[in-house]
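Structural overview for review
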Amino acid sequence: MHKVDESWLEQLSDDEKTWLAIAMAGLIVSDGVVDASELEYLGSTIAFVKNPDTIKQIIQLVRDRRLPPMKNLNVSGLLAYQMLKTLSVVAVVDKKFSRNEAEFLKIAGNRLGLDPPFIEEVLKLAKIQVQFLREDARLNEIASHIVRQ
């Protein structure tokens, strides 16, 4: 099962948890394909949102395949990076990184107050993650056919 690191998530304020869950919902629908592994990440994040009405709204965004309006969030640079990096992990969990996902991450990074050159570095990291995940899947497939004598 794919899920966000709970020890990190527990440290966020309620507003930050809600922002992250809304951003994750938007990211998930941004490429037009809702992957089951992406939903696992969303589920683990929504579990920390306290307001039941907000949870329903987030779920409805995904069902409707609707991009949410993203508000600015005033957090430290390190926390902003952690949040954007978490979103990038969700973006590539399906071993793909679409242009729409990249554009959504740019918007999210901007709303977190990160500079465009830094956001581009996070996008490069996401592309490297895709390569890693694909290569890992390839090697797993090969290893699964190795028969020991």
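Structural data are supplied above this passage.
What this report covers is the structure whose coordinates are included nearby. In this text the structure is predicted, and so the values were computed from the model without any measurement. (Residues numbered from 1 in each chain as written. Predicted model: local features only at pLDDT ≥ 70, side-chain atom pairs only at ≥ 80, totals over all residues. Heavy atoms only, no water.)

Considerations on the side chain of Thr86
For clarity, the threshold we go by: Every helix listed is a DSSP run of H or I at least four residues long, and every strand listed is a run of E at least two residues long, numbered separately from the N terminus. Pairs of residues are marked as contacts when any of their non-hydrogen atoms sit within 4.5 Å.
You can see Thr86 is positioned in helix H5 (residues 77-92). Setting aside residues up to four positions removed in sequence, Thr86 forms contacts with Val4, Trp8 and Met24.

Some points on a nonpolar patch on the surface
Short version of the rule: Candidate patch residues must exceed 30% relative accessible area and have no salt bridge, after which like charges are joined if within 9 Å and Val, Leu, Ile, Met, Phe, Trp or Tyr side chains if within 5 Å. We get accessible surface area from the Shrake-Rupley algorithm with a probe of 1.4 Å; when it comes to residues, only the shown protein chains can shield them. Here a salt bridge means any side-chain nitrogen of Lys or Arg lying within 4 Å of a carboxyl oxygen belonging to Asp or Glu.
A contiguous nonpolar surface patch, about 280 Å² in accessible area, is contributed by Leu139, Ile142 and Ile146. The topology assignment puts Leu139 in helix H7 (residues 116-144).

Some details on the packing of aromatic side chains
To describe a pair of aromatic rings, one takes the distance between the centres and the angle between the planes. Which entries qualify depends on this criterion: By convention, a stacked pair of Phe, Tyr or Trp rings (six-membered ring in the case of Trp) has centres within 6.5 Å and planes under 30 degrees apart, an edge-to-face pair has planes over 60 apart, and any other such pair is tilted. Only protein chains enter the calculation, and the probe is 1.4 Å; a residue is then buried if its accessible area is under 20% of its type maximum, exposed if over 50%, and partly exposed in between.
Using the criterion set out here, one finds 1 aromatic pair in the structure. Where Tyr81 meets Phe118, the ring centres are 5.6 Å apart and the plane angle is 75 degrees; that geometry is what we call edge-to-face. One end of the pair, Tyr81, is in helix H5; the other, Phe118, is in helix H7, with 37 residues separating them in the sequence. Under the relative-accessibility criterion, Phe118 is labelled partly exposed at 36%.

So, the nonpolar core
Selection rule: Among the buried residues, those of types Ala, Val, Leu, Ile, Met, Phe, Trp, Tyr and Cys that are joined through side-chain atoms within 4.5 Å form a nonpolar core.
Trp19, Met24, Leu87, Phe97 and Leu112 are the most contacted members of the largest nonpolar core, which has 44 residues in total. Among the elements of the structure, helix H1 (6-9), helix H2 (14-30), helix H3 (36-46), helix H4 (52-64), H5, helix H6 (99-111) and H7 are those that each provide at least two residues to this core. Setting aside residues up to four positions removed in sequence, Phe97 forms contacts with Ala91, Val92, Ala102, Leu105, Leu123, Ala126, Lys127 and Val130.

A closer look at the side chain of Lys17
Operational definition: Only four residue types enter the charge count: Lys and Arg as positive, Asp and Glu as negative, with His and the chain ends excluded.
Within the fold, Lys17 resides in helix H2. Buried and unpaired, Lys17 has no salt bridge, with Asp14 as the nearest side chain of opposite charge at 4.3 Å. Discounting chain neighbours no more than four positions away, the residues touching Lys17 are Leu9, Glu10, Leu12, Thr45, Phe48 and Val49.

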